[in-house]
Amino acid sequence: MSLKTNGFGSTALLVTLAVGLSAQTPAQPPASTGVTQQTPTFRVQVDLVTNDIVVRDDKGNFIPDLKQDEFEVYEDGIKQDITQMTVVTGGRVTNVLAPPPPPPPEGIILPPSRPKSDVSGRIFLFFVDDLHLQFHNTGRVRQLFQKIAKELVHDGDMFGIVSSGPSSIAVDMTYDKARLDEAIKKIAGNELKPTDIINGASGAEGPSEVRYRAHVAFSTVNDLLNNLESVHNRRKALVYVSDGYDFNPFQDARLGLMEPNSPFAQNEFARSQNQAQQQNSDGTTGTDPFTQQQKQSETFADADLARELGELTRQANRANVTMYTIDPRGLVGMGDIDEQVDPRQWSEFVRKSQDSLRVIAEETGGIAVVNQNDFSKALKRIDAETSDYYVLGYYSKNPDRTRRRRQVEVKVVRKGATVWFRKEYVLKPPPKPTESTKK
């Protein structure tokens, strides 16, 4: 058996650890005190933890006939008891091992419900980050979505599509592919041009508009993930189409740190800053203190972006959503920009933006389609990963709510099997106490 973890992220479904406090009254103290002492009793409840698993043989083909006893699931090194097992082949669901039914309400006797034959299709959500898509690539983005409509979305699949900006796309979950065709016609890129970033206003942390647009995109995706959180026992895929993010783009040009004779000094601010080096009283020259201060304040821009991407991927892992990121620019070179930009700064901007897409995909168990033009090959892989998989469920044997990050490992005992799974999940923080719970 070979084992491979290609999830780079948390487990597949939301896990809620709810702790309630109930009062239990012991024997009464002496009557002279007139006080009733209460001893708190803690009640801990752990919901079902599920993980979607992809298992392939040495030829890369999905293995659809694995039995429950061929899987082993470990959480923090402790073997768990599998209580639910579902296999999905070709997008059709078969409940091999259904979860135990909930206990019946006290005092009510109901006839057993008939199990449903669930043959639902897949669930896709498409995010068009038009705030981070170049306008001159609008035609290319529409062609990509036409490929998606033809090669990825099949009859019976449920999908929705939402944009972050002026394309104003908001299609609720539907089976009607005509709605996707209508949305494709509305897609239009609205990304900032390099000169817009260089000449734009900067705050204490860098270009204000750059961060604002990224926050709008992340907030939109978080809302989508919250909505998908209520859907269970499916491999929910969010196809994330964007050029990516960089919180500190074109810094030298913005702060006037380029060479004074550079042909790529796009604005007067850059030129003047390079020419206006302050001369000290002793005749030596130095860099403008304001420029140095601004550069220092932007030092943590990359760390800020990593933190926000981490929050986004953790929310996706709680909601059991796998994100597949696609950069519609394909292979990116200097010919893909219609402005005079320093090649080194442009290359750095492209690298950082593509790395952000890689983080989003890898930390949620998906793939990043960046710096490549063969979108059909990538869509076929996404199609395969969302069509054939297992869903394993268990009740965690570790009810310690203080241990929020749980490491997960899945093994398959069949020889030659390669396993893709999510390696961890993070518990939701406990709810804030309300006025009623404080009393």
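Residues numbered from 1 in each chain as written. Predicted model: local features only at pLDDT ≥ 70, side-chain atom pairs only at ≥ 80, totals over all residues. Heavy atoms only, no water.

## Describing the side chain of Ser 356
As for its position among the elements, Ser 356 is in helix H9 (residues 343-362). Contact partners of Ser 356, with chain neighbours within four places excluded, come to Gly 244, Tyr 245 and Leu 309. (Helix = DSSP H or I, 4+ residues; strand = E, 2+ residues; numbered from the N terminus. Contact = heavy atoms within 4.5 Å.)

## Let's talk about the packing of aromatic side chains
Applying the stated criterion across every chain yields a total of 9 aromatic pairs. By way of ring pairs, the aromatic residues Phe 124, Phe 126, Phe 145 and Phe 159 are connected into one cluster. (Phe/Tyr/Trp six-rings, centres within 6.5 Å; stacked < 30°, edge-to-face > 60°.)

## Comments concerning the sheet that holds strand E13 (residues 236-241)
Strand order in the open sheet made by the 6 strands is E10-E9-E8-E13-E16-E17, with mixed pairing throughout. This sheet does not close on itself; its edge strands, each paired only once, are strand E10 (170-174) and strand E17 (368-369). Pairing between strand E9 (residues 158-163) and E10: 3 bridges, direction antiparallel. Following the sheet pairing, Val 162 is matched in E10 by Ala 170. On top of the sheet, helix H2 (residues 177-184) reaches E9 and E10; it is set at about 20° to E9, its chief contact. (Pairing = 2+ DSSP bridges. Axes fitted to C-alpha atoms, helices over the stretch in contact; angles between N-to-C directions.)

## Re the confidence of the model for the protein
Atom-level detail of predicted coordinates should not be read off regions where pLDDT is low. For the protein, mean pLDDT is 79; residues scoring 70 or higher make up 72% of the total. This stretch, residues 1-30, has a pLDDT under 50; its non-local contacts, to residues over four places away or in other chains, come to 119 contacts. Below pLDDT 50 for its whole length, residues 40-44 participates in 16 contacts with residues either more than four positions away or in separate chains. (pLDDT = per-residue confidence, 0-100.)

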